[in-house]
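Notes for the structure review
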Amino acid sequence: MLLYNRLGPSELKARLQAEKFQRRTVSFYKYFKIENPQEFRDELYIAWNQLQCYGRVYVAHEGINAR
């Protein structure tokens, strides 16, 4: 499984506009110690990809920021 988005902005926008349901926008951050940000990010990507969640997420040793 590729753990990154391979679609361009125009294709993603077209897909979102073609959806027959309404999405919700969420934004959050949480400061906490993340020992292995890459592993944490990969687990998030897999889980959120299965839920068809889209957005920008920043993961670092000191926490997470998503929008």
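Above this text sits the structure in question.
Residues numbered from 1 in each chain as written. Predicted model: local features only at pLDDT ≥ 70, side-chain atom pairs only at ≥ 80, totals over all residues. Heavy atoms only, no water.

Turning to the pairing of strand β2 (residues 57-60), a few remarks are in order. Note that β2 and strand β3 (residues 63-66) share 4 bridges and pair antiparallel. Its bridge partner lying in β3, Val59 is registered against Ile64. Where β2 hands over to β3, the hairpin turn is made up of 2 residues, counted between the paired strands. (Pairing = 2+ DSSP bridges. Helix = DSSP H or I, 4+ residues; strand = E, 2+ residues; numbered from the N terminus.)

It is worth spelling out the packing of aromatic side chains at this point. Within the structure shown, the criterion is met by 3 aromatic pairs. Arranged with centres 5.9 Å apart and planes meeting at 65°, the rings of Phe32 and Phe40 form a pair that is edge-to-face. (Phe/Tyr/Trp six-rings, centres within 6.5 Å; stacked < 30°, edge-to-face > 60°.)

Our focus in this paragraph is the layout of surface pockets. A volume near 1,100 Å³ is recorded for the largest pocket. What lines the largest pocket is a set of 28 residues, and nearest its centre among them are Tyr45, Cys53, Tyr54, Gly55 and Arg56. Elements supplying a minimum of two residues to the lining of the largest pocket: α1 (9-18), α2 (37-50) and β2. Broken down by element, the lining of the largest pocket gets its largest block of residues, 5 residues, from α2. In terms of residue class, the lining of the largest pocket is made up of 15 nonpolar, 5 polar and 8 charged. (1 Å grid on protein atoms, 1.4 Å probe; cavity = no way out; pocket = protein on both sides within 12 Å on 5 of 7 lines; lining within 4 Å. Points joined across faces, edges and corners; volume = space filled by probe spheres on them. Nonpolar A, V, L, I, M, F, W, Y, C, P; charged D, E, K, R; others polar.)

Everything listed here is a matter of coordinates, which is why it stays silent on function.
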